[in-house]
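# Remarks on the overall topology
Now for the letters of each chain:
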Amino acid sequence: MDASTSRTRRPLEAGHVLGERFVICGVLGEGATGIVYDARPEAEPAGERIALKVIHPHLLGDKQIRGRFTREAAILRRLRGEHLCPILDFGEIADPVTSASLLYMAIPKVQGPSLEQWMATEGPASGARVIDIALQICSALSDAHRQGVIHRDLKPANVLLRDGEHAFVVDFGMAKIITGPGGTGTTALTSHNMVFGTPEYMAPEQARGDELDERCDIYALGVILYELLTGKVPFRGSSPLNVLTAHMTMDPPPLDREASGIPPALASIVYSALAKSADERYASASDLARALEHARHAPSDVDGVAPGLPREATVPLPHVRSTPSSPSAPPSRSASSSTGASPSPRTSSVPSAPRTEPPSPRVERTRWALVWALAIVLSIAFGVWLSQRTP
């Protein structure tokens, strides 16, 4: 079969057996790089169903795609956690129709919708439901980060809800190994200043192509929290570039302008997770989980969920608000506290000592956005110049 035929070939029909090992029962989904089949082990007619991810045959020669698929399998082999899907099998197998080689990965089938599908059906969720889902995602991220892996493409489509309740974080094809036997660093599939991810869920440092750590996943979860509460992502645009620029330069629209009844502590958590500077976010998924637990028990305690504050995970701390500022407006990033916590209210009644004010954050962000845009224009112009010089 030639490449043009393989590009248009229909998915395998139910009943086909791959390599005398897997019986195809149906199709769960199809994308640009492959197909996910509903399958079962051939030797176990009553066995548990599995999700069989198979790369399109015409892409097997693409080193990037093959490399990412192989890397995802290697990452899943090292990951263990209650909210992570383990890998069951990986390798190459014969196509029952053409006898050509197929690259596959088998993982447990999760009976239930993705979080993206769930949100499309259910709409904005209550604060309690949002906290419940977020805590499960935090558990998955904490397990992955502890084992030296950051996801880099966390989004609702990559969170599956078994029976609509138990969350699993999946699709580590874009993940980065930050620790391991080989030390810190990326694989040969990535390089400095390359941008990977989905624009609507990318942290500012990810949009810039900077070196990343686990806090980029914290930011992505902040976007998911915002979307769960309001039904929309905080930043949208007519192009990926517009969306990325917004992540780097704009404050998210105030939550109370997009939805009503959001608990103040939960709103504060969302703004902290969406801080432009990674240093102002929660340092880890465990820290974010502790803040969420605190918000569950003390929904009005905005100060008690600030990043960097020690707190008990299940015991609410009595607290009296000292300022009347709105917790549903994004906090200003121009102030800082002595504890290193991200600033809470947009206004404050506590006077500060006289000091020389730095440039306005909005001016500073706009300046960097212009520099970034100029660099892109110069890169394009240089590419055009090179193409014109080529004989």
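Worth saying up front: this structure is predicted, and the values here are computed from it rather than measured.

In this fold, L76 is placed in helix α2 (residues 63–78). With 68 residues separating them along the chain, L76 and A144 place their C-alpha atoms 9.5 Å apart. When sequence neighbours within four positions are dropped, the list of residues in contact with L76 reads C85, I87, M105, I107 and F172.

In this model α2 runs 23 Å from its N-terminal to its C-terminal C-alpha over 16 residues, within 8% of the 22 Å that 1.5 Å per residue would give. Listed as buried for α2 are I65, G67, R68, F69, R71, E72, A73, I75 and L76. Capping the start of α2, D62 holds a side-chain oxygen 2.9 Å from the backbone nitrogen of Q64, two or three residues further along.

This next bit is on the UniProt feature "binding site: ATP" (unreviewed entry) in the protein chain. UniProt tags K53 as "binding site: ATP" (unreviewed entry). Relative to the helices and strands, K53 resides in strand β4 (residues 50–55). There is a polar contact of 3.2 Å between the side chain of K53 and the side chain of E72.

Below, the discussion takes up the pattern of salt bridges. The full count for this structure, using the stated rule, is 16 salt bridges. Between D38 and R49 there is a salt bridge, and its shortest N-O distance comes to 2.8 Å. Here D38, found in strand β3 (residues 34–41), pairs with R49, found in the loop between β3 and β4; they are 11 residues apart in sequence, far enough to count as distant. A residue is classified by how much of its surface remains accessible, and R49, at 36% relative accessible area, is partly exposed. A salt bridge links D279 to R215; the shortest N-O distance between them is 2.8 Å. Highlighted residues: D279 in the loop between α9 (264–273) and α10 (285–297) and R215 in helix α6 (residues 215–230), separated in sequence by 64 residues. Among the residues examined, D279 registers a relative accessible area of 61% and is labelled exposed. Through salt bridges with shared partners, a single network forms among D38, R49 and K109.

Only one face of strand β8 (residues 159–162) is buried: it carries V159 and L161, and the other face, with L160 and R162, is open. Pairing of β8 with strand β9 (residues 166–169), which is carried by four bridges, proceeds in the antiparallel orientation. Residue pairing in the sheet places R162 in a bridge with H166 of β9. As consecutive antiparallel partners, β8 and β9 are separated by three residues, and within that stretch D163 has a phi angle of approximately 55°, a positive value.

So, how was this worked out
Residues numbered from 1 in each chain as written. Predicted model: local features only at pLDDT ≥ 70, side-chain atom pairs only at ≥ 80, totals over all residues. Heavy atoms only, no water. Helix = DSSP H or I, 4+ residues; strand = E, 2+ residues; numbered from the N terminus. Contact = heavy atoms within 4.5 Å. Expected span 1.5 Å × (residues − 1). Buried < 20%, exposed > 50% of the residue type's maximum accessible area, 1.4 Å probe, protein only. Polar contact = N/O pair within 3.5 Å; in protein donor to acceptor, adjacent residues only side chain to side chain. UniProt positions renumbered as here; feature names shortened; annotations may be inferred. Salt bridge = Lys/Arg side-chain N within 4 Å of Asp/Glu carboxyl O. Pairing = 2+ DSSP bridges.

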